[in-house]
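Below, each chain spelled out in residue letters.
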Amino acid sequence: DIAAVEEIAREPAQILVPEIPKLMVWLKDGNWPVARPIANLLAGVGEAVIPHVSVVLKGDDPVWKYWCIERLVARLPRSQVLA
């Protein structure tokens, strides 16, 4: 899985945008080895990730919320988080 993340990281951000929902699922457990690289990848996508973060934070999975904040939101520019 790490090799796959490294491969897709070479793609332009606009190619990754439609895949954000699938990638967000990998943040359900921040202990998975692939969670940190995916969070870094998603943080680099820009504002397109914000609606997907909002879906997680409005959901009812407290563990996913925690890891989304810990692994992804912490890496986002403050201006995107506060918007």
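Residues numbered from 1 in each chain as written. Predicted model: local features only at pLDDT ≥ 70, side-chain atom pairs only at ≥ 80, totals over all residues. Heavy atoms only, no water.

Remarks on the nonpolar core
Piece 1. Core analysis: the biggest nonpolar cluster contains 22 residues, and Met-24, Leu-27, Leu-42, Val-49 and Leu-72 have the highest contact counts within it.
Piece 2. Going through the elements one at a time, helix 3 (20-24), helix 4 (35-43), helix 5 (50-58) and helix 6 (62-72) are the ones with two or more residues in this core.
Piece 3. Here the element with the most residues in this core is helix 4; it accounts for six residues.
Piece 4. For Val-49, the contacting residues outside a window of four places in its chain are Ile-20, Met-24, Leu-42, Leu-72 and Leu-76. (Core = buried A, V, L, I, M, F, W, Y, C linked by side-chain atoms within 4.5 Å. Buried < 20%, exposed > 50% of the residue type's maximum accessible area, 1.4 Å probe, protein only. Helix = DSSP H or I, 4+ residues; strand = E, 2+ residues; numbered from the N terminus. Contact = heavy atoms within 4.5 Å.)

Some thoughts on the packing of helix 5 against helix 6
Piece 1. Two elements in contact, helix 5 and helix 6, have axes whose closest approach is 8 Å; the angle formed by their N-to-C orientations is 145°. Considering only the axes of helix 5 and helix 6, their crossing is left-handed. Of the residues in helix 6, those touching helix 5 at Val-53, Val-56 and Leu-57 are Trp-64, Lys-65, Cys-68, Ile-69 and Leu-72.
Piece 2. A class-by-class count of the residues in the contact of helix 5 with helix 6 yields seven nonpolar, no polar and one charged. (Axes fitted to C-alpha atoms, helices over the stretch in contact; angles between N-to-C directions. Left-handed = near helix turned anticlockwise from the far one by under 90°. Nonpolar A, V, L, I, M, F, W, Y, C, P; charged D, E, K, R; others polar.)

Considerations on the packing of aromatic side chains
Aromatic ring pairs are defined here through the distance separating the ring centres and the angle between the ring planes.
Piece 1. Counted according to the given criterion, the structure contains two aromatic pairs.
Piece 2. With centroids separated by 5.8 Å and ring planes inclined at 70°, the aromatic side chains of Trp-26 and Trp-32 adopt a geometry described as edge-to-face.
Piece 3. Judged by its relative accessible area of 36%, Trp-32 is partly exposed.
Piece 4. Between the aromatic rings of Tyr-66 and Trp-67, the centroid separation amounts to 4.9 Å while the plane-to-plane angle is 80°, which identifies the pairing as edge-to-face.
Piece 5. A relative accessible area of 46% places Tyr-66 in the partly exposed class.
Piece 6. A relative accessible area of 12% means that Trp-67 is categorised as buried.
Piece 7. Taking the ring centre of Trp-64 as reference, the NZ or CZ of Lys-28 above it sits at 4.5 Å. (Phe/Tyr/Trp six-rings, centres within 6.5 Å; stacked < 30°, edge-to-face > 60°. Lys NZ or Arg CZ within 6 Å of the ring centre and 35° of its normal.)

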